[in-house]
Amino acid sequence: MPVFVAGLGAISGIGNNVAECLHSLQESRHGIAPMVYLQSEHRNRLPVAEVKLSNSELAQLTGLPVHISRTALLSLVAAKEAFLDAGLPSGFPCRKAFVSANSVGGMDKTENFFPAFAANHEAGHLREVIHHECGAISEIVAKELGVTDFVSTISTACSSSANAIFYGARLIKNDLADVVIAGGCDSLTKFTLNGFNTLMILDENPCQPFDENRRGLNLGEGAGYIVLVSEKIAGMLHRMPKAVLSGYANANDAYHQTASSPDGTGSFLAMTGALKMAGLHPEEIDYINLHGTGTQNNDIAEGTAIQRIFSNPYPLMSSTKSFTGHTLGACGGLEAVFSVLSLQHGIVFPNLRLETPMKELPFTPVTRFKSGISLQHVMSNSFGFGGNCSSLIFSKS
Amino acid sequence: MEEKFKITSVVSVCNNRIWLNGQLAFECKEPDTARFLLSAFQNLKVTYPKFYKMDGLSKLGWVATEYLLKDKPGFTLNDNYSAGMVLANKNASLDADLKYYQTVASIPSPALFVYTLPNIVMGEISIRHKLKGENAFFIQEEFDADFIAQYVQGLLNNNILQSCICGWVDLLNEDYKAVLMRVEKNGEGVEFTSQNMLTYF
Amino acid sequence: MVMEKLMEDLKTQIVEQLNLQDVKPGDIGNDDPLFNEGLGLDSIDALELIVLLQQHYNIKLLNAEEGPKVFYSVRSMAEYITTHQKANP
């Protein structure tokens, strides 16, 4: 039973909606810059890809109160855009689900609360911690979207929102939902920045994924959602669906808590699993939106796995994290949106700042924006800590 | 037509005791959780230096799985892509989050930071038993047997997995509980249903 | 000798920092490789060794790429500490 993509929504360091993000991707304009909104002692050293709106601007945009976690504000902007984009006939009875991923929850607010509370347990505003856990963020957004049939939150690190998307597809395939808004969100917090800083994998300059001299990743924030619909619903929409989610798979690398195995076992299994489900041969994939974080470890593991599956001529490839930074719980959702845009418009986004190709790999990602190409099948990779690896395949409908 | 699956083994860890298939497998009177988990590990007599480095949640999940798979090492199938895991808990990685946060004031610890995600416990178990199949981790107020049963059944019915470890693993400060079961397509055991799962809690 | 004492201290600190409960400080040879075939340490352990240098010796290793050379053995760590403390008294 096919599952169709009917709507897209995105907010990231390169734009506050899908059109703005697409424009930046076409213009090769990245969003990695010194911190403006995040308060951190690393502000002069570590660039990030922040969404270029303050919390009060986001609150105004969404209609939510300004004290709500930035994670929820970002989520609502993109989820609402996706939902409206799907153009469901109003008042039409169908079962709607919201499957949203995130990894930080309301940590941004907890960080405001904690210093005062740590000094004096009578101090601090409790409303700042009630949305701490990841699920609370999804509940806030689901309520605003008017989704009551099914709400779930997935938190499997950086593959979270790719997992949310295929989980959404399963809800449709098993006839548990007709329409699913699926994807993820994350905001920048001190907790994440300091944590990644201890791992010494943050680049002090804009990152260079798949470059021989890559130095690490830049953190980013944002949200990305796609609206999945059943065949029945797709037939009732005024527009043609944008794509079909034709394959997906998840696998565990079973190697290390954070590092990928040298031969990329988990990524290999995720990609081959998704190909098998879609009934495709590797040579039928036209473009791969890489996980491509820019760390030494990820890029060689992912590259090695790709080398094991694909052969010359290799599909076009690029990491859009060179634009948006690594948005963690949001990246699978954002990159799913970018993959569908690529398919729809016959375009491939450049892997920015690639200077020296990796010497271990027989292929080089695309370095310039390409348009006017015929794409049938696009793969999107998302790999996370805990060895959790996922691949999605979108195909022309 | 939905196939019927079997719960072939069950382990539960709580109140300083480990029960394997209804039999008391280990007991000790250590006053705190960390020392209880250490004793349980030592009782297994396996060399696994990585154990000492894990956070509490991973230690709990790791020890529980070790007992769960002790008698039947055959769980690690030749094609281990078909063995996976679906776990749930209430407190996510809050225990590790708090311990990491305590180090932030001086020098943040990378070794603690890497455990500040709930799915790392599945990573540790996967590493130990070479389970490479799909895995998912859910946060629930209490064990939602219907949900987990439906999810695991879907994975097995659709041949995404041939066998699965599923259940509950939760730890926060001194409170802990793990109930894990092996669900397989073939094998001896009670039928895999939400009602039967709940009897082990 | 100062160097000998420093290496003994380091062994105790390494065992403690990295939670190597199966290893006694005396088991670690001055020139034994700490990674791979040696104590079997991984990338997170390397980061913890950087924390160790900062905590106990107030030395900041900013470039992770220096790690493999500095953390090759207890002796190479001790040598790095000695030269670095001299350079920045």
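Since this is a predicted model, take the numbers as computed values, not measurements.

## Overview of the overall build of chain B
1) Next: For chain B, the helix and strand inventory stands at seven helices and eight strands.
2) Next: Relative to the 2.2 N^0.38 estimate, which gives 17 Å for 201 residues, the radius of gyration of chain B is 16 Å and therefore close to what a compact globule would have.
3) Next: Out of the 201 residues in chain B, the part that is buried amounts to 52%.
4) Next: At a minimum sequence separation of 6, the contacts of chain B that also span at least 24 residues come to 66%.

## Notes on the overall build of chain A
1) Next: A count of helices and strands for chain A gives 12 helices and 10 strands.
2) Next: A globule of 397 residues ought to have a C-alpha radius of gyration of about 21 Å, and chain A, at 20 Å, matches this closely.
3) Next: C-alpha extents for chain A along the principal axes are approximately 65 × 55 × 40 Å.
4) Next: Buried positions account for 62% of the 397 residues belonging to chain A.
5) Next: A sequence separation of at least 24 residues applies to 79% of the contacts in chain A between residues at least 6 apart.

## Digging into the interface of chain B and chain A
1) Next: Counting residues at the interface gives 27 residues for chain B and 27 residues for chain A.
2) Next: Taken together, the residues that form the side of chain B that touches chain A break down as 15 nonpolar, eight polar and four charged.

## Quick look at the packing of helix 2 (residues 55-62) of chain A against helix 3 (residues 70-86) of chain A
Residue and element names in this part refer to chain A.
1) Next: At a closest axis distance of 10 Å, the pairing of helix 2 and helix 3 adopts a crossing angle of 40 degrees. When the axes of helix 2 and helix 3 are compared, the pair comes out oblique. For helix 2 against helix 3, the interelement crossing comes out left-handed. Side by side, helix 2 and helix 3 meet where N55, L58, A59, L61 and T62 of the first sit next to R70, L73, L74, L76 and V77 of the second.

## Focus: the pairing of strand 10 (residues 388-395) of chain A
All names here are of chain A.
1) Next: Among the eight residues of strand 10, eight are classified as buried, and the element is accordingly described as predominantly covered.
2) Next: Burial of strand 10 is two-sided: the residues N388, S390, L392 and F394 facing one way and the residues C389, S391, I393 and S395 facing the other way are all buried.
3) Next: Summarising the sheet, strand 6 (residues 243-252) and strand 10 pair through eight bridges and their orientation is antiparallel. Within strand 10, the residue paired with V244 across the bridge is S395.

## A few points about helix 9 (residues 265-278) of chain A
All names here are of chain A.
1) Next: With 14 residues, helix 9 extends 20 Å between its outermost C-alpha atoms, agreeing within 8% with the 20 Å of an ideal straight helix rising 1.5 Å per residue.
2) Next: Counting buried positions along helix 9 gives 11 out of 14 residues, so the element sits mostly inside the fold.
3) Next: Check the buried side of helix 9 and you find it contacts strand 6, helix 10 (296-309), strand 9 (377-384) and strand 10.
4) Next: Note on helix 9: the residue one or two positions beyond its end, G279, has a positive phi of about 65 degrees.

## A look at the interface of chain A and chain C
1) Next: On the chain C side, the residues contacting the six residues of chain A number five residues.
2) Next: Residue composition of the side of chain A that touches chain C, grouped by class: three nonpolar, three polar and no charged.

## With respect to the domain arrangement of chain A
Residues and elements named next belong to chain A.
1) Next: What the domain assignment lists for chain A is domain 1 (4-236) and domain 2 (243-395).
2) Next: Centre-to-centre separation of domain 1 and domain 2, based on C-alpha positions: 21 Å.
3) Next: Every contact between the two is made by 61 residues of domain 1 and, on the other side, 59 residues of domain 2.
4) Next: Contributing elements (two or more residues each) for the side of domain 1 that touches domain 2: strand 1 (4-12), helix 1 (18-26), helix 6 (160-173), strand 4 (179-186) and strand 5 (222-229).
5) Next: Considering every element that reaches the side of domain 1 that touches domain 2, the biggest residue donor is helix 6, with seven residues.
6) Next: For the side of domain 1 that touches domain 2, the residue count by class is 31 nonpolar, 24 polar and six charged.

## Here's the deal with helix 7 (residues 190-198) of chain A
1) Next: When we look at burial in helix 7 of chain A, the residues that qualify are A:F191, A:T192, A:G195, A:F196, A:N197 and A:T198.
2) Next: Buried-residue contacts for helix 7 of chain A involve helix 4 (107-119) of chain A, helix 4 (110-113) of chain B together with helix 2 (43-57) of chain C.
3) Next: Remark: A:M200 follows helix 7 of chain A within two positions and exhibits a positive phi of approximately 55 degrees.

## Focus on unusual backbone geometry
1) Next: A:P313 follows A:N312 through a cis peptide bond whose omega is 0 degrees.
2) Next: By the secondary structure assignment, A:P313 is in the loop between helix 10 and strand 8 (316-318).
3) Next: Even without being a glycine, B:K130 presents a positive backbone phi close to 55 degrees.
4) Next: Summarising the element assignment, B:K130 is placed in the loop between helix 5 (120-129) and strand 5 (135-139).

## Re the sheet that holds strand 3 (residues 150-154) of chain A
All names here are of chain A.
1) Next: A sheet is described by the order of its strands in space; here 10 strands give the open sequence 3-2-4-5-1-6-10-9-7-8, paired in mixed fashion. Single-partner strands in this sheet number two, and they are strand 3 and strand 8. On average, adjacent strands in this sheet sit at an angle of 20 degrees to one another, irrespective of strand direction.
2) Next: When strand 2 (residues 96-101) meets strand 4, the two strands line up parallel, connected through six bridges. Across the sheet, residue A101 finds its bridge partner in strand 4, namely G184.
3) Next: The strands touched by helix 3 within the sheet are strand 1, strand 2, strand 4 and strand 5, with strand 1 carrying the most contacts at an inclination of about 145 degrees.
4) Next: Docked against the sheet, helix 6 engages strand 2, strand 3, strand 4, strand 5, strand 6, strand 9 and strand 10, running at close to 170 degrees with respect to strand 4.

What counts as what
- Residues numbered from 1 in each chain as written.
- Chains lettered and ligands numbered in written order.
- Predicted model: local features only at pLDDT ≥ 70, side-chain atom pairs only at ≥ 80, totals over all residues.
- Helix = DSSP H or I, 4+ residues; strand = E, 2+ residues; numbered from the N terminus.
- Rg over C-alpha atoms; globule rule 2.2 N^0.38 Å.
- Buried ≥ 20, exposed ≤ 12 C-beta atoms within 10 Å, placed from the backbone.
- Contact = placed C-beta atoms within 7 Å.
- Nonpolar A, V, L, I, M, F, W, Y, C, P; charged D, E, K, R; others polar.
- Axes fitted to C-alpha atoms, helices over the stretch in contact; angles between N-to-C directions.
- Parallel < 35°, antiparallel > 145°, perpendicular 65-115°, else oblique.
- Left-handed = near helix turned anticlockwise from the far one by under 90°.
- Pairing = 2+ DSSP bridges.
- Expected span 1.5 Å × (residues − 1).
- Domains from an automatic or database assignment.

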